[in-house]
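Next come the chains, spelled out residue by residue.
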Amino acid sequence: MHTLLHTLLDRIAAGALPLLTEQEALTLVRLPETDTLDMLTVAGAARAVFGPKAGSSCGIVNAKSGLCPENCAFCAQSAHHRTGAPVYPLMDEDKLLRRAETLAQAGVSRFGIVTSGTALDDAELDALCAAAERIRREVNIRLCASLGMLTEERGRRLKDAGFSRYHHNLETSASHFSAICSTHEYAEDLETLRAARRAGLELCSCGIFGLGESPEQRVELGLTLAGENVDSLAINFLKAIPGTPLEGKAPLSPGEALRCIALMRLLNPGKDVVICGGREHALGQWQSWVFAAGASRIMTGDYLTTAGRAFEEDNAMLSALGLRASNPAGSNA
């Protein structure tokens, strides 16, 4: 085992935080592939000591799809790309309620309502808040929102309606962002996170790995998230969509994807680390290893414009690892 990994184990055992300096993190991402298993072991230990208990899941709904004015290079819903992604307005209250009920019955503990576009208009926000109030009355599930840019005032409205967490991915590091999106500034994304925090919402943010970023830029992103003290890190892996600028880009190998998870855990040892879109594409048969790499939660079911894994398969995987009862219905961990 590399000396740095021994040092990290000693710090974990002593409860010493932070676990990594920036220079140590840069050393970590440059370790050879032969150190990958040991790196995962250390990250798993960090999750066990500092992080939340592993095994719960979250689910989302694509509540408003397509025609987004932003030009993010990976996104099927951008109006700048021709991908054939569905286009529809904000779902009505009944549809959102049914989705929440489906997720709760599958044992999912968090329901993320996601909308395409830079931000909702006032009428859409009113309708969504009304739907959230009904869901909170009728379904035992926690609500998260992912609605684009946010002001503190709007964040307070969401919190009052029953949302507990706001999701807004940074997508990649500041130094790589201009290669991925040019229709808004990275600082605007950071301000959305800060506005949500001022409004009293928990923060969920991370990015997509496999966008062409360097290992050093992954460290940069992880340190940015640590600096913003986000509560949850939503880790995605690129699944290249035909019609986007990144079409044809090869997925990360399973080992590299797992190292990304381990890095984010070690830079944010006490946080919720959630494995989201692209999990099946990048990891294949190695999906259960995300927990060994430091993850605490998975997103289950379908994603925004791509299919995910069936609830039954994910629940079987969690049960096999001793992380979920064989009959999870009604769980709200």
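Here the structure is a predicted model, which means the values were calculated and not measured. (Residues numbered from 1 in each chain as written. Predicted model: local features only at pLDDT ≥ 70, side-chain atom pairs only at ≥ 80, totals over all residues. Heavy atoms only, no water.)

### So, the environment of Cys 75
Here is step 1 of the chain: As for its position among the elements, Cys 75 is in the loop between β1 (56-64) and α4 (93-105).
Here is step 2 of the chain: Here Cys 75 falls in the buried class, since its relative accessible area comes to 19%.
Here is step 3 of the chain: Expressed as a C-alpha distance, the spacing of Cys 75 and Ala 240, which sit 165 residues apart in the sequence, is 8.8 Å.
Here is step 4 of the chain: Filtering out sequence-adjacent residues up to four positions away, Cys 75 remains in contact with His 81 and Thr 244. (Helix = DSSP H or I, 4+ residues; strand = E, 2+ residues; numbered from the N terminus. Buried < 20%, exposed > 50% of the residue type's maximum accessible area, 1.4 Å probe, protein only. Contact = heavy atoms within 4.5 Å.)

### Topic: the pairing of strand β7 (residues 232-237)
The side chains of a regular strand alternate between the sheet's two faces.
Here is step 1 of the chain: Counting buried residues in β7 gives six out of six residues, a clear majority hidden from the surface.
Here is step 2 of the chain: Burial of the side chains of β7 extends over both faces: Ser 232, Ala 234 and Asn 236 are buried on one face and Leu 233, Ile 235 and Phe 237 on the other.
Here is step 3 of the chain: Judged from the three bridges that link them, strand β6 (residues 207-209) and β7 form a sheet pairing that is parallel. Bridged to Phe 209 within β7 is Phe 237.
Here is step 4 of the chain: Regarding the hand of the β-α-β motif, the stretch spanning β6, helix α8 (residues 215-228) and β7 is right-handed.
Here is step 5 of the chain: Bridging between β7 and strand β8 (residues 272-275) involves four bridges; their strand directions are parallel. Considered in β8, the bridge of Leu 233 is made with Val 273. (Pairing = 2+ DSSP bridges. Right-handed = clockwise from strand over helix to strand, strands pointing away.)

### Here we look at the pattern of salt bridges
Here is step 1 of the chain: Taken as a whole and judged by the stated rule, the model has 22 salt bridges.
Here is step 2 of the chain: When the shortest N-O distance is used, the salt bridge between Glu 152 and Arg 156 registers 2.7 Å. In this pair, Glu 152 and Arg 156 both sit in helix α6 (residues 152-161), four residues apart, roughly one turn of the helix.
Here is step 3 of the chain: The class of Glu 152 is partly exposed, set by a relative accessible area of 26%.
Here is step 4 of the chain: Its salt-bridge partner being Arg 279, residue Asp 314 comes within 3.0 Å of it at the nearest N-O pair. Of this pair, Asp 314 sits in helix α12 (residues 311-320) while Arg 279 sits in helix α10 (residues 279-283), placing them 35 residues apart in sequence. Both residues of the pair, Asp 314 and Arg 279, belong to the buried class.
Here is step 5 of the chain: The network of salt bridges with shared partners includes Arg 110, Arg 165, Glu 202, Asp 272 and Arg 297. (Salt bridge = Lys/Arg side-chain N within 4 Å of Asp/Glu carboxyl O.)

### A few points about α4
Here is step 1 of the chain: Taking 1.5 Å of rise per residue, the 13 residues of α4 would be expected to cover 18 Å, and the 18 Å separating its terminal C-alpha atoms lies within 8% of that figure.
Here is step 2 of the chain: Restricting attention to buried positions, one finds in α4 the residues Leu 96, Leu 97, Ala 100, Leu 103 and Ala 104. Buried residues of α4 fall within an arc of 125° about the axis and therefore sit on the same side.
Here is step 3 of the chain: Packed against the buried residues of α4 are β1, β2 (110-115), α5 (122-138) and α12.
Here is step 4 of the chain: Its side-chain oxygen 3.2 Å from the backbone nitrogen of Asp 94, Asp 92 forms the N-cap of α4.
Here is step 5 of the chain: Phi turns positive one or two residues past the end of α4, at Gly 107, with a value near 85°. (Expected span 1.5 Å × (residues − 1). Arc of directions from axis to C-beta. Polar contact = N/O pair within 3.5 Å; in protein donor to acceptor, adjacent residues only side chain to side chain.)

### Side note on the confidence of the model for the chain
Here is step 1 of the chain: Averaged over every residue, the pLDDT of the chain is 94; the share at 70 or more is 97%.
Here is step 2 of the chain: Within the model, pLDDT remains below 50 along residues 326-333, and this stretch shows 18 contacts once partners closer than five positions in the same chain are excluded. (pLDDT = per-residue confidence, 0-100.)

### As for the packing of helix α7 (residues 186-198) against α8
Two numbers describe a pair of packed helices, the interaxial angle and the distance between the axes.
Here is step 1 of the chain: With their axes 11 Å apart at the nearest point, α7 and α8 run at an angle of 30° to one another. On the basis of the axis angle, α7 is roughly parallel to α8. With respect to the hand of their crossing, α7 and α8 are arranged in right-handed fashion. Contacts from Tyr 186, Leu 190, Arg 194 and Arg 197 of α7 reach α8 at Leu 221, Thr 224 and Glu 228.
Here is step 2 of the chain: Its residues assigned to classes, the contact of α7 with α8 comprises three nonpolar, one polar and three charged. (Axes fitted to C-alpha atoms, helices over the stretch in contact; angles between N-to-C directions. Parallel < 35°, antiparallel > 145°, perpendicular 65-115°, else oblique. Left-handed = near helix turned anticlockwise from the far one by under 90°. Nonpolar A, V, L, I, M, F, W, Y, C, P; charged D, E, K, R; others polar.)

### Digging into helix α9 (residues 254-267)
Here is step 1 of the chain: For α9, with 14 residues, the first-to-last C-alpha span of 20 Å sits near the 20 Å given by 1.5 Å per residue.
Here is step 2 of the chain: Burial analysis of α9 places eleven of its 14 residues in the buried class, which makes it a mostly covered element.
Here is step 3 of the chain: Looking at α9, one finds that the buried residues are Ala 257, Leu 258, Arg 259, Cys 260, Ile 261, Ala 262, Leu 263, Met 264, Arg 265, Leu 266 and Leu 267.

### Description of the packing of helix α1 (residues 3-14) against helix α2 (residues 22-29)
Here is step 1 of the chain: Relative orientation of the contacting elements α1 and α2 amounts to 130°, with a least axis distance of 11 Å. When the axis of α1 is compared with that of α2, the two are oblique. Considering how the two elements wind past one another, α1 and α2 form a crossing that is left-handed. For the pair α1 and α2, contact is made by Leu 4, Leu 5, Leu 8 and Arg 11 and by Glu 24, Thr 27 and Leu 28, respectively.

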